[in-house]
Structure formats: C-alpha cells, structure tokens
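# Overview (structure and organization)
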Amino acid sequence: METNEVLRDQIFEIVENQIRDNDPKETNLTLKRLVNLGYSKTESKQLIGQCIALELFDIFKHKKTFNETRYIENLKKLPKEPFK
C-alpha cells in the first residue's frame, strides 16, 4: 500500500471515529448537512477529511497543536474547500 493510501485510510478512520463518538458534534452535523445538499456519504466524508488533513498538516509541518476552533470553522464552510 502506498503512503498516500495509508494516509487517506487513516484520515477516513479519524472521520469515522468522530462520527461514531459524536466528538466534535460538528462532524456529524456537517455530514448530515452535506448529505442533505446532495452529496453521498462517501463524498461528504471526503470533504470532512480535507479539514482533518489541513489540521494534520499544521500539526506535523509547523509543530502546532490541533486547532479545534479552526477545524469546526472549516467544517461549517464545506462544501467550499478549507484553506484557512
């Protein structure tokens, strides 16, 4: 398995865990909102995964801590891509 596939699978696992645990609750709310907008569950989870990837990038590249406030702000902006 290639590195990109491993990373993608890990991001999807984080999305699934957030949905299952309802933590943060905004992940579930975003999933429901996107599905109501016509996106499939898979597409919705991919969009949510973009927000997670952005946070992971900051954690690893810039040695920052997880910014839940920014993460939630980016979830609320979906389906617009998060670039903040």
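Residues numbered from 1 in each chain as written. Predicted model: local features only at pLDDT ≥ 70, side-chain atom pairs only at ≥ 80, totals over all residues. Heavy atoms only, no water.

### Remarks on the nonpolar core
As a reminder, the rule being used: The term nonpolar core refers to a set of buried residues drawn from Ala, Val, Leu, Ile, Met, Phe, Trp, Tyr and Cys, joined through side-chain atoms within 4.5 Å. The buried label goes to any residue with under 20% of its type's maximum accessible area, the exposed label to any with over 50%, and the partly exposed label to all in between, with areas taken from a 1.4 Å probe on protein chains only. Under the scheme used here, helices are H or I runs from DSSP no shorter than 4 residues and strands are E runs no shorter than 2 residues, and both carry numbers assigned from the N terminus. Whether two residues touch is decided by their heavy atoms; if any such pair falls within 4.5 Å, the residues are in contact.
One finds Val15, Ile48, Cys51, Ile52, Tyr71, Leu75 and Leu78 to be the most contacted residues of the largest nonpolar core, which totals 14 residues. Element by element, the count of residues in this core is highest for helix H3 (residues 41–62), at five residues. When neighbours within four sequence positions are excluded, Tyr71 is seen to be in contact with Gln18, Pro24, Thr27, Ile48, Cys51, Ile52, Glu55 and Phe66.

### Regarding the environment of Asn17
Along the chain, the position of Asn17 falls in helix H1 (residues 3–21). A C-alpha to C-alpha distance of 10.0 Å links Asn17 and Thr27, two positions ten residues apart in sequence.

### Some points on the side chain of Thr27
Relative to the elements of secondary structure, Thr27 occurs in helix H2 (residues 25–36). For Thr27, a relative accessible area of 0% translates into the label buried. Dropping the residues within four chain positions of it, Thr27 is found in contact with Val15, Gln18, Ile19, Ile48, Tyr71 and Leu75.

### Brief notes about the packing of H2 against helix H4 (residues 68–77)
This is how it is decided: The axes are straight lines fitted to the C-alpha atoms, using for helices just the contacting stretch, and the angles between their N-to-C directions are given from 0 to 180°. Roughly parallel covers angles under 35 degrees, roughly antiparallel covers those over 145, roughly perpendicular covers 65 to 115, and oblique covers all other angles. In the scheme used here, Gly and all other residues not listed as nonpolar or charged are polar, with Ala, Val, Leu, Ile, Met, Phe, Trp, Tyr, Cys and Pro taken as nonpolar and Asp, Glu, Lys and Arg as charged.
Relative to each other, H2 and H4 sit at 10°, their axes nearing to 9 Å. Taken together, the axes of H2 and H4 lie roughly parallel to each other. Contact with H2, carried on its side by Glu26, Thr27, Thr30 and Arg33, involves Tyr71, Ile72, Leu75 and Lys76 of H4 and no other residues of that element. Partitioning the contact of H2 with H4 into residue classes produces three nonpolar, two polar and three charged.

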